[in-house]
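Residues per chain, in single letters:
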Amino acid sequence: MTRPVVLVAEELSDAGLAVLGADFEVRHADGADRAQLLPALADVDAVIIRSATQIDAEAVAAAPKLRVVARAGVGLDNVDVEAATKAGVMVVNAPTSNITSAAEHTVALILASARNVAQGHAALKDGEWKRSKYTGVELDGKVVGILGLGKIGQLVAQRLQPFGVELIAYDPYLQPARAAQMGVQLVSLEEVLEQADFITVHLPKSKETIGLIGDRELHQVKPTVRLINVARGGIIDENALYAAIKEGRVAGAGIDVFAKEPCTDSPLFELDRVVVTPHLGASTHEAQEKAGTQVARSVKLALAGEFVPDAVNVQGGAVAEDVKPGLPLTEKLGRIFTALAGEVATRLDVDVRGEIASQDVRVLELAALKGVFTDVVTDAVTYVNAPLLAKDRGVVVELVTSSESPDWRNVITVKGVLADGRTVSVSGTLSGPRQITKIVEVNGFAMEIEPTDHLAFYTYTDRPGIVGIVGRLLGEHGVNIASMQVSRNVKGGKALIALTVDSAIPADVVEQIGAEIGADSGRTVDLED
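Residues numbered from 1 in each chain as written. Predicted model: local features only at pLDDT ≥ 70, side-chain atom pairs only at ≥ 80, totals over all residues. Heavy atoms only, no water.

In the nomenclature of an unreviewed UniProt entry, the protein corresponds to D-3-phosphoglycerate dehydrogenase from the organism Planotetraspora phitsanulokensis.

Enquirer: So what exactly am I meant to see when it comes to the pattern of salt bridges here?
Expert: Where charged atoms from two side chains of opposite charge approach closely, those side chains can pair. Inspection of every chain in the model, using the stated rule, returns 26 salt bridges. Aspartate 526 is the salt-bridge partner of lysine 207, the closest N and O atoms lying 2.7 Å from each other. Here the residue lysine 207 occupies a position in the loop between strand 9 (198-201) and strand 10 (226-229), and aspartate 526 occupies one in strand 22 (residues 521-526), the gap between them amounting to 319 residues. Residue classification places aspartate 526 among the partly exposed residues on the basis of a relative accessible area of 22%. When the shortest N-O distance is used, the salt bridge between arginine 472 and glutamate 516 registers 3.1 Å. (Salt bridge = Lys/Arg side-chain N within 4 Å of Asp/Glu carboxyl O. Helix = DSSP H or I, 4+ residues; strand = E, 2+ residues; numbered from the N terminus. Buried < 20%, exposed > 50% of the residue type's maximum accessible area, 1.4 Å probe, protein only.)

Enquirer: Would you take a moment to explain the nonpolar core for this structure?
Expert: Soluble globular proteins: nonpolar side chains tend toward being buried together. The biggest cluster of nonpolar side chains holds 46 residues, and the ones touching the most others in it are Ile336, Phe337, Leu364, Phe373 and Phe457. What phenylalanine 457 contacts, discounting residues up to four positions off in sequence, is Ile336, Leu340, Val442, Met447, Leu496, Ile497, Ala498, Ser521, Gly522, Arg523 and Val525. (Core = buried A, V, L, I, M, F, W, Y, C linked by side-chain atoms within 4.5 Å. Contact = heavy atoms within 4.5 Å.)

Enquirer: I'm lost on the pairing of strand 16 (residues 423-431) in this one. Help?
Expert: Within a regular beta strand, the side chains point alternately toward one face of the sheet and then the other, so they alternate between its two faces. Two elements, strand 15 (residues 410-417) and strand 16, share six bridges in a ladder whose sense is antiparallel. Residue isoleucine 412 lies in a different strand from strand 16, and its bridge partner there is glycine 428. In textbook terms, the turn of a hairpin is the stretch between consecutive antiparallel strands, and for strand 15 and strand 16 this stretch comprises five residues, one of which, glycine 421, has a positive phi near 95°. In this structure, strand 16 lies alongside strand 17 (residues 436-442), joined through six bridges in antiparallel fashion. Paired with serine 427 across the bridge in strand 17 is glutamate 441. (Pairing = 2+ DSSP bridges.)

Enquirer: Which parts of the structure should I look at to understand the sheet that holds strand 16?
Expert: Strand pairing in a sheet relies on backbone hydrogen bonds. The paired strands run either parallel or antiparallel. Strand order in the open sheet made by the six strands is 14-13-15-16-17-18, with mixed pairing throughout. With one partner strand each, in any of the chains shown, strand 14 (396-402) and strand 18 (445-449) form the two edges of the open sheet. On average, adjacent strands in this sheet sit at an angle of 20° to one another, irrespective of strand direction. Each of strand 13 (347-354), strand 15, strand 16 and strand 17 touches helix 12 (residues 326-341); the most contacted strand, strand 16, lies at about 155° to it. On top of the sheet, helix 13 (residues 362-374) reaches strand 13, strand 14 and strand 15; it is set at about 135° to strand 13, its chief contact. (Axes fitted to C-alpha atoms, helices over the stretch in contact; angles between N-to-C directions.)

Enquirer: So what exactly am I meant to see when it comes to the pairing of strand 20 (residues 481-488) here?
Expert: Note that strand 20 and strand 21 (residues 494-501) share seven bridges and pair antiparallel. Directly across from serine 483, in strand 21, lies its bridge partner threonine 500.

Enquirer: Is there a simple way to think about the packing of aromatic side chains in this case?
Expert: Two descriptors summarise a pair of aromatic rings, namely the distance from one centre to the other and the angle between the planes of the rings. By the definition in use, this model includes one aromatic pair. Here phenylalanine 258 and phenylalanine 269 contribute two aromatic rings whose centre-to-centre distance is 5.9 Å and whose plane-to-plane angle is 90°, an arrangement assigned as edge-to-face. In this pair, phenylalanine 258 is assigned in the loop between strand 11 (252-255) and strand 12 (274-276) and phenylalanine 269 in the loop between strand 11 and strand 12, connecting sequence segments 11 residues apart. (Phe/Tyr/Trp six-rings, centres within 6.5 Å; stacked < 30°, edge-to-face > 60°.)

Enquirer: Looking at this structure, how should I read unusual backbone geometry?
Expert: If a residue is not glycine, its phi is most likely negative; likewise, a peptide bond is most likely trans. Here the bond from glutamate 261 into proline 262 is cis, since omega is 0°, no more than 30 degrees from zero. The topology assignment puts proline 262 in the loop between strand 11 and strand 12. Notably, glutamine 435 is not glycine yet its phi reads approximately 55°, a positive angle. Positionally, glutamine 435 belongs in the loop between strand 16 and strand 17.

Given below as structure tokens:
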């Protein structure tokens, strides 16, 4: 019997190779050398890479037998996931391989910043004994603010508790009760800035978080504060941080990540009160070994046709043919729900009605959760880790099914209750022989709109002239409307305007529209990957 072929295109630990064992034919190639890589992919079933190998559309096309791309690490910047998905190739990574290393490096930078470790080290090696110059501060009794209580943020909190610190955190997608279980008080971003003696960043990098800590925020902090970033470069504005330290508004910083990498020249390097490292958060032997063994296990499962927990682009397990078209629809509903809510619900119901309800539709609950958390967390969300993300955030999830659906053959609703008691809902269906995706309800307002990459929803008091105002303002800012629908509960009551547009609406334009029409709420949804 022919053994499946696994191409190891970059260094893999002996432990990772041992996981593959004798069941596979293991080959090796230099993945960074395209002339060597592309021919080597011709007859392989799986390829294991790290960060130097580019698996793009060309590489996928060169591998007609390829079934799995395994990235021995967290990021997938060097993998064209869309091209792989179109070719039916599973993409897996090792999403938890480096979380312990990143958390420990965070604590190392906190301590190094507090006690001037790097500065004292450098001075002493230069022959200078400067005890008084490098007097530091204790952690005991200090307030540590954690921005983002995901896996790494939680590990940081656990590791800091024995130091006698008070832990506060900002995370709009975590329930206060869940944070309290970890011994952390959930507060607003402003409260973290005003109260914390140390601020450590553990947020995903997104349009919302880039520059989150900028000049304005650095005018709100204590002059004794120290900032730590082992998450993603660009979340802290490096120029603003430089100015704040230079002007004495910030006491110091520990920075592991930069807006542009590799970074060998930064104004921050001039400052004696800044400790820097070259993106070492995941750089431990243990993290590298974990990454290798995790992806090797995933490759072994995938090539055996079994369920793969760390698959980022496909769902394992048998799914009925009638249910499969509902997966991308339900995932979109989850993403729209999160955008409309602006936070994760305390309770989430996934309601499936119609003929499809006679099938096993549990996978739709997973698809909804995958969508709900896709734009919330840094790591890739899969059908396996989505329920764990919900559990970690204290979200109660329930699947509701019914064969009765008076208006549509099948309809799927994602409905949630937020922390303040508000309810948010969004429903969709697959219409006609071509199974066209349609949003048919938002917060009780009926509609029929095809979700494109860019959507906008405004709720306001029904009155004449609103459509004209919205169209005029979007036109003035060069945003083209693809479609627009208005729905209302009663004449002169509340109304909802739903738009699909050809490009993302800038945040200031969103606010301007809301102000001019007196909107109760205005939300945009960007489904573009």
